[in-house]
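Here's the letter readout for the chains.
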Amino acid sequence: MPLDSENKTIVPTEFKTVGTRPVRPDGMDKVTGRARFGADMSAPGMLVGAILRSPHAHARIRKIDTSKAEALAGVKAVITSKDLKAQPGCDMDILVNVMARGKALYDGHAVAAVAAVDMSVARKALKLIEIDYKVLPHVTDVDEAMKPDAPVLHKHIEHDYHQDMLETADHVKGKNEKTLPPGKRPSNIAGRYQFGHGDPKKGFREADVIVEHEFKTEATHQGYIEPHACLANVSSDGWAELWVCTQGHFMVRDTCASLLGLDVSRLRVTASEIGGGFGGKTTVFIEPVALALSRKAGRPVKVVMSRDEVFRATGPTSSASMKVRIGAKRDGTFTAAEAILKYQGGAFPGSPVEMGAMTAFACYDLKDVKIVGYDVVTNRPKQAAYRAPGAPMSAFAVEGCVGELAEKLGMDAIDIRLKNAAKEGTVSSYGPTFGPVGLVETLEAAKKHKNYKVKLGKNQGRGVASGFWFNFAGQTCTTINLNIDGTLGLAVGTPDIGGSRASMCLMAAEELGIPYDQVRTIIADTSSLGYNDVTDGSRVTFASGLATIYATRDLKAKLCARAATIWGIPEEAVDWENGAARPAGANAGNFDPLTLADLAEQAAATGGPVAGHYEVNADGAGPSFATHVVDVEVDPETGATEVLRYLVVQDAGKAVHPSYVEGQFQGGAVQGIGWVLNEEYIYGEDGRLQNPGFLDYRIPVCSDVPMIDTVIVEVPNPGHPYGVRGVGETSIVPPLAAVANAVSAAMGVRATTLPMSPPKILAALNNKMRQAAD
């Protein structure tokens, strides 16, 4: 059995409560409308805030005149960047993204905001704000933005193109040292990352077969249903409260306090229920604006984004341009692999290309591998995280080449992956050596599944792809309190975006040996707990779960001490077993067990309230692997793709609530299907977004997808007391490649550009016919 690396204890393999499927604790509130989301909060004297946004992709702001808006009856405050002065130590990129300073950097960039008595007045006020723009050249494509002669967004971002010339990178083709002398110059290339080991040139010389392709993906939206919303209230004495839909209210508190020059202790942030996030609510957009408006108006201000604003002004994931090359022996053994990844992160540095580069070849045991990633800025909204940020794109490119290698070598798509799969002891392509991991187990389970044996028909194809995600851990703080009736209140600081409250209740109940519904979990506000990192990176069930277990063990120790006081025996003579304190043995005495209710009843007489607590900067989040198998049928007349069957097999370490785990698997697959077949940000020649709404940006609906079959693999993570691994991110890594491989097989043409919408599929099929005719 695996060891718990922190405490050197045996990770259990048998559970009484963990692994069951109880009803979710927040279900009734959500189906009855009782749950309160970001826009549901109101306050006496509340104003509504509205934001004026740039209609230009790139423009210098020469003058802003707000006098007419300020004079309008019902307007209580108008702010521009002058009201959001740079504070010492604040993140200038976030500040400039919140409100443009000097230049508007993308269509939808905020340039001013008003607070008024109602939305009608606020909208009239926005129309009265006069702005003198000088429109500048813009660039929205990542490859175009990298060119030395591209319009530059920020003069302070510099890059030395000479290094790229040495690597003969595409964006400097045709250039020479006369036109690009060594040395840094203003550029849109904000960063360069490199990972790998060995000698890829040697490895490619040893290859019998080499596959190389260029790939492109478009930016996609996380697809959360609830737009960003918050209610801010800054009092005249400098104390402030914020109610907000977010994946990280401690992050919101610290960021807003930094931007506005507030003491952190004077800003209390409460996380509302959240109508989806998927990474898109891990930063701030409207929250500092609402606080600044409230501070100026002296009244509470609520700001709720429209869907148009969500698309134009919040972060989708990056678009990407990639080149991948893999060599293999005739028996399928990979000899070398290389990738160049170029991700645009919108108008500010910070695309997830580093993580894309780290995850690209993580599924494989490679002796000679190199990945170079470029972080590029463009005139688009600042990108935000989207489940496994950066990984789905690089997996799309790498797994596409792996699929083609299997075809060229006449190998089964799973067998070639099994032959090269990373396992315990493999030195990963990004550096660390893997401990116990479950990629091989997912591949073997996928090969045994009935879906993999279904015979395909005409115009049908099967795709296979594997994927990897690190899983995060991080700072976490948890408290569990014994109530006077013997029930338990568990306070965590990580917003519940995927059912984590149920998982926390299960783990606390498991520790204490009590029923699941005897524990109630809440998301505490920022003044009630120590700092908690954002709910992201599939970290909550791991890190908050770990903190819950140790907080509960702290509580158990205290409960045993209270029982010892009642019985008049030493603390070490008391054990906790099956929901009650009991004498540890016959020598300890003959006493009836004391339940939680018994101990709660006597708490006042034995020392007062009883609570367990744990805080940690957690480590040891075990990485996760998944393998997806998908069958599709392509209609050669319309170019439409129907997904016939879809199988997700993923290592969860230990599935605390299997229904939630399966839901995460299915959700990742469905989002991936949308990403690969339909979803994309479309920009016009003027650099403006053409489809800022769900009518023109099509996400999958139920009729677009089959029932997603799932298989949970459990290879325990030794870094968690119950063996848990995160599951939310990995499930969206393989779908782009799996579906693309299936579509490619159905068409007989390698598809390298996403989305594979019907027009693109028809164009590929027509091109194939023309080539055959020639």
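The model shown is predicted, which means the values in this text are computed figures rather than measured ones. (Residues numbered from 1 in each chain as written. Predicted model: local features only at pLDDT ≥ 70, side-chain atom pairs only at ≥ 80, totals over all residues. Heavy atoms only, no water.)

Moving on to the overall build of the protein chain. For the protein chain, the count of helices and strands is 20 helices and 30 strands. For the C-alpha atoms alone, the extent of the protein chain along its principal axes is close to 95 × 75 × 50 Å. Across the protein chain, the fraction of contacts at a sequence separation of at least 24, relative to all contacts at a separation of at least 6, is 80%. For the protein chain, the exposed area adds up to about 29,600 Å²; of that, 51% sits on carbon and sulfur atoms. Side-chain charges in the protein chain split into 81 positive and 89 negative, and the spacing between the mean points of these groups amounts to 5 Å. (Helix = DSSP H or I, 4+ residues; strand = E, 2+ residues; numbered from the N terminus. Contact = heavy atoms within 4.5 Å. Areas by Shrake-Rupley, 256 points an atom, 1.4 Å probe, with all protein chains shown as cover. Lys, Arg positive; Asp, Glu negative; His and termini not counted. Charge placed at Lys NZ, Arg CZ, Asp CG, Glu CD.)

In this section: the sheet that holds strand β22 (residues 488-492). Across the sheet, which stays open at both edges, the 4 strands sit in the order β23-β22-β21-β27 with mixed pairing between neighbours. Unpaired on one side and paired on the other, β23 (519-523) and β27 (611-618) mark the two borders of the sheet. Averaged over all pairs of adjacent strands, the angle between strand axes in this sheet comes to 15°, irrespective of strand direction. Both strand β21 (residues 474-482) and β27 contribute to a ladder of 8 bridges, which runs antiparallel. Bridge pairing links Asn481 to Ala611 in β27. Helix-sheet contacts for helix α16 (residues 540-567) involve β21, β22 and β27, and the interaxial angle to β27 is about 145°. (Pairing = 2+ DSSP bridges. Axes fitted to C-alpha atoms, helices over the stretch in contact; angles between N-to-C directions.)

So, about the nonpolar core. In terms of nonpolar packing, the biggest core is built from 96 residues, with Ile326, Phe361, Tyr646 and Met756 touching the most fellow members. If one sorts the elements of this core by residue count, helix α12 (residues 391-409) sits on top with 11 residues. Grouped together as the second largest cluster of nonpolar side chains are 53 residues, Val492, Leu512, Trp567 and Leu594 included. (Core = buried A, V, L, I, M, F, W, Y, C linked by side-chain atoms within 4.5 Å. Buried < 20%, exposed > 50% of the residue type's maximum accessible area, 1.4 Å probe, protein only.)

To continue, consider the pairing of strand β29 (residues 641-651). A large share of β29 lies buried, amounting to 8 of its 11 residues. Where strand β28 (residues 624-634) folds back onto β29 in an antiparallel hairpin, the turn is made up of 6 residues, including Gly639, whose phi is positive at roughly 80°. The pairing of β29 with strand β30 (residues 708-713) spans 6 bridges and is classified as parallel. Looking at the pairing, Asp651 lines up with Val713 of β30. Crossover handedness for the path β29 to helix α18 (residues 658-677) to β30: right-handed. (Right-handed = clockwise from strand over helix to strand, strands pointing away.)

This paragraph deals with the pairing of strand β17 (residues 319-328). Within β17, 8 of the 10 residues are buried, which leaves it mostly tucked inside the rest of the structure. In terms of strand pairing, strand β12 (residues 209-217) meets β17 through 9 bridges, oriented antiparallel. Within β17, the position partnered with Thr217 by the bridge is Ala320. Pairing analysis gives 10 bridges linking β17 to strand β18 (residues 334-344), with the strands arranged antiparallel. Residue pairing across strands places Ser321 opposite Lys342, the latter belonging to β18. Linking β17 back to β18 in an antiparallel pair, the connection comprises 5 residues, with Gly332 at a positive phi of about 95°.

Relative to the 18 Å expected for 13 residues at 1.5 Å per residue, helix α15 (residues 500-512) spans 18 Å between its end C-alpha atoms, a close match to the ideal helical length. Phi turns positive one or two residues past the end of α15, at Gly513, with a value near 70°. (Expected span 1.5 Å × (residues − 1).)

Our focus in this paragraph is the side chain of Thr526. If you trace the backbone, Thr526 turns up in the loop between β23 and α16. A residue is classified by how much of its surface remains accessible, and Thr526, at 4% relative accessible area, is buried. One polar contact links the side chain of Thr526 to the main-chain amide nitrogen of Val269, over a distance of 2.9 Å. Those residues within four positions of Thr526 in sequence are excluded, and the remaining contacts are His249, Phe250, Arg253, Leu267, Arg268 and Val269. (Polar contact = N/O pair within 3.5 Å; in protein donor to acceptor, adjacent residues only side chain to side chain.)

To continue, consider unusual backbone geometry. Residue Leu754 is joined to Pro755 through a cis peptide bond whose omega torsion reads 0°. Tracing the sequence through the fold places Pro755 in the loop between α19 (735-747) and α20 (758-773). The phi torsion at Phe278 lies on the positive side, around 55°, for a residue other than glycine. In this structure, Phe278 sits in the loop between β15 (267-271) and α9 (287-297).

A surface patch of like charges, here negative, comprises Glu633, Asp635, Glu637 and Glu642. Relative to the helices and strands, Glu633 resides in strand β28. Overall, the relative accessible area of 30% leaves Glu633 in the partly exposed class. (Patch = residues over 30% accessible without salt bridge, like charges linked within 9 Å, V, L, I, M, F, W, Y side chains within 5 Å. Salt bridge = Lys/Arg side-chain N within 4 Å of Asp/Glu carboxyl O.)

Turning next to the sheet that holds strand β8 (residues 130-135). Read from one edge of the open sheet, 3 strands run β6-β4-β8, paired in antiparallel fashion. A strand with exactly one partner marks an edge of an open sheet, and here the two such strands are β6 (103-104) and β8. Two elements, strand β4 (residues 59-65) and β8, share 6 bridges in a ladder whose sense is antiparallel. Bridge pairing links Asp65 to Glu130 in β8.

Turning our attention to the packing of aromatic side chains. Inspection of the entire model under this criterion finds 20 aromatic pairs. When the ring of Phe15 is compared with that of Tyr722, the centres are 5.1 Å apart and the planes differ by 70°; the resulting orientation is edge-to-face. Taken together, the residues span a long stretch of sequence, with Phe15 in the loop between β2 (9-10) and α1 (27-32) and Tyr722 in the loop between β30 and α19 at a distance of 707 residues. Each member of the pair, Phe15 together with Tyr722, is buried. A centroid spacing of 5.0 Å and a plane angle of 70° characterise the contact between Trp469 and Phe470, whose relative ring orientation is edge-to-face. What makes Trp469 buried here is its relative accessible area of 0%. (Phe/Tyr/Trp six-rings, centres within 6.5 Å; stacked < 30°, edge-to-face > 60°.)

Before going further, it helps to examine the environment of Pro349. Examined against the element boundaries, Pro349 turns out to sit in the loop between β18 and α11 (353-359). On the basis of relative accessibility, which here comes to 26%, the residue Pro349 falls in the partly exposed class. Along the backbone, Pro349 and Val376 are 27 residues apart, and their C-alpha atoms lie at a distance of 6.8 Å. In this structure Pro349 touches Asp93, Ile157, Ala190, Asp375, Val377 and Lys382, once residues within four positions along its chain are discounted.

Another aspect to go through is the pattern of salt bridges. Working definition: two side chains of opposite charge can pair if their charged atoms are close together. Considering all chains together, one arrives at 42 salt bridges under this definition. One salt bridge in this structure joins Arg325 and Glu212, with 3.4 Å as the shortest N-O distance. Highlighted residues: Arg325 in strand β17 and Glu212 in strand β12, separated in sequence by 113 residues. A relative accessible area of 28% places Arg325 in the partly exposed class. Linking Arg253 and Asp254 is a salt bridge whose minimum nitrogen-to-oxygen distance equals 2.8 Å. By relative accessible area, which is 27% here, Asp254 ends up partly exposed.

Moving on, we come to the state of the cysteines. Any covalent bond linking the sulfur atoms of two cysteines counts as a disulfide. The tally for this structure, following the rule as stated, stands at 0 disulfides. Residue Cys245 stays outside any disulfide, its sulfur separated by 8.0 Å from that of Cys230, the closest cysteine. A relative accessible area of 1% places Cys245 in the buried class. Sulfur of Cys363: no disulfide; nearest cysteine sulfur belongs to Cys401 and is 14 Å away. The class of Cys363 is buried, set by a relative accessible area of 4%. (Disulfide = S-S within 2.5 Å.)

Now for the environment of Ala580. Relative to the helices and strands, Ala580 resides in strand β25 (residues 580-583). Residue classification places Ala580 among the buried residues on the basis of a relative accessible area of 2%. Considering only alpha carbons, one finds Ala580 and Val234, 346 residues apart in sequence, at a separation of 47 Å.

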